[in-house]
Amino acid sequence: MTGGQPNIYWKICWKFVSPVVIGVVLIASLVKQSMEPATYTTYLGCDSTQQEIDPKTWTNKVPFPTWAQVVGALMVMVPVLPMPMIAAYYITTERYCPCREKKHKKKKPPHSANDGTDTTDMEMQ
């Protein structure tokens, strides 16, 4: 895009740091979600006979139904799961190997202007 190679810092971040951080955050959020179900607050109202008015007694935390928690987990997982799945596919099928790409990459000679002369014809004479 800019015509130059990115700095080594950015290469390391893109290849190693970012995927690890994203994976840790995703796994931690799933573990937290599975340990404590998501809740929502319902309004119970206040009792006028109470001497002390405490707003904490006006509400109640109720867990979401199981189907809603499953839908929420799917909404998180569907956009994220293709990334590790494709990475695992490429790693297991050996389609992507940075060391292999560098060995087989050959520099092509620059294209010369076609002036009608063919170098193969000159070599044969």
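Residues numbered from 1 in each chain as written. Predicted model: local features only at pLDDT ≥ 70, side-chain atom pairs only at ≥ 80, totals over all residues. Heavy atoms only, no water.

**Q** So what exactly am I meant to see when it comes to the overall build of the chain here?
**A** Each helix and strand counted, the chain has 5 helices and 2 strands in total. Mapped in sequence order, the helices and strands of the chain form the string α-β-β-α-α-α-α. A buried classification covers 3% of the 125 residues belonging to the chain. The long-range fraction of contacts in the chain, counting pairs at least 24 apart against all pairs at least 6 apart in sequence, stands at 29%. Put simply, the chain shows about 12000 Å² of open surface, and 65% of that area lies on carbon and sulfur atoms. (Helix = DSSP H or I, 4+ residues; strand = E, 2+ residues; numbered from the N terminus. Buried < 20%, exposed > 50% of the residue type's maximum accessible area, 1.4 Å probe, protein only. Contact = heavy atoms within 4.5 Å. Areas by Shrake-Rupley, 256 points an atom, 1.4 Å probe, with all protein chains shown as cover.)

**Q** So what exactly am I meant to see when it comes to a nonpolar patch on the surface here?
**A** A cluster of nonpolar side chains, namely Ile8, Tyr9, Trp10, Ile12, Trp14, Phe16, Val17, Val21 and Val25, defines an oily patch on the protein surface of about 970 Å² accessible area. Summarising the element assignment, Trp14 is placed in helix H1 (residues 8-35). You can call Trp14 exposed: its relative accessible area is 54%. (Patch = residues over 30% accessible without salt bridge, like charges linked within 9 Å, V, L, I, M, F, W, Y side chains within 5 Å. Salt bridge = Lys/Arg side-chain N within 4 Å of Asp/Glu carboxyl O.)

**Q** Just checking my understanding: could you explain the environment of Thr41 for this structure?
**A** Mapped onto the fold, Thr41 is located in strand S1 (residues 39-43). For Thr41 and Pro63, which are 22 residues apart along the polypeptide, the C-alpha to C-alpha distance reads 8.7 Å.

**Q** What exactly am I supposed to notice about the packing of aromatic side chains here?
**A** The way to describe two aromatic rings as a pair is by their centre distance and the angle between their planes. Counted under the stated rule, the structure contains 4 aromatic pairs. Ring geometry for Tyr89 and Tyr90: centres 5.7 Å apart, planes at 80°, overall edge-to-face. Of the residues examined, Tyr89 reaches a relative accessible area of 41% and is grouped as partly exposed. (Phe/Tyr/Trp six-rings, centres within 6.5 Å; stacked < 30°, edge-to-face > 60°.)

**Q** For this particular structure, what's the right way to read the packing of helix H2 (residues 66-80) against helix H3 (residues 82-92)?
**A** How two helices sit against one another is set out by the angle between their axes and by the gap between those axes. Running from amino to carboxyl end, H2 crosses H3 at an angle of 40°, the nearest separation of the two axes being 5 Å. Relative to H3, the element H2 lies oblique. Contacts between H2 and H3 pair Val78, Pro79 and Val80 from the former with Pro82, Met83 and Pro84 from the latter. (Axes fitted to C-alpha atoms, helices over the stretch in contact; angles between N-to-C directions. Parallel < 35°, antiparallel > 145°, perpendicular 65-115°, else oblique.)

**Q** Teacher, can you tell me more about H1 here?
**A** One turn of an α-helix holds 3.6 residues; hence residues three or four places apart share an orientation. Compared with the 40 Å implied by 1.5 Å per residue over 28 residues, the 39 Å span of H1 between its first and last C-alpha is a close match. The sharpest bend along H1 comes to roughly 45°, located at Trp14. (Expected span 1.5 Å × (residues − 1). Bend = angle between axes of the 7 residues up to and from the residue.)

**Q** Which parts of the structure should I look at to understand the environment of Met77?
**A** If you trace the backbone, Met77 turns up in helix H2. Residues Met77 and Leu30, spaced 47 residues apart in sequence, show a C-alpha to C-alpha distance of 9.5 Å. Those residues in contact with Met77, other than ones at most four positions away along the chain, are Leu26 and Leu30.

**Q** Looking at this model, I keep getting lost on the environment of Thr57. Mind explaining?
**A** As for its position among the elements, Thr57 is in the loop between S1 and strand S2 (59-63). On the accessibility criterion, Thr57 (40% relative accessible area) is partly exposed. Separated by 13 residues in the primary sequence, Thr57 and Leu44 have C-alpha atoms spaced 7.9 Å apart.

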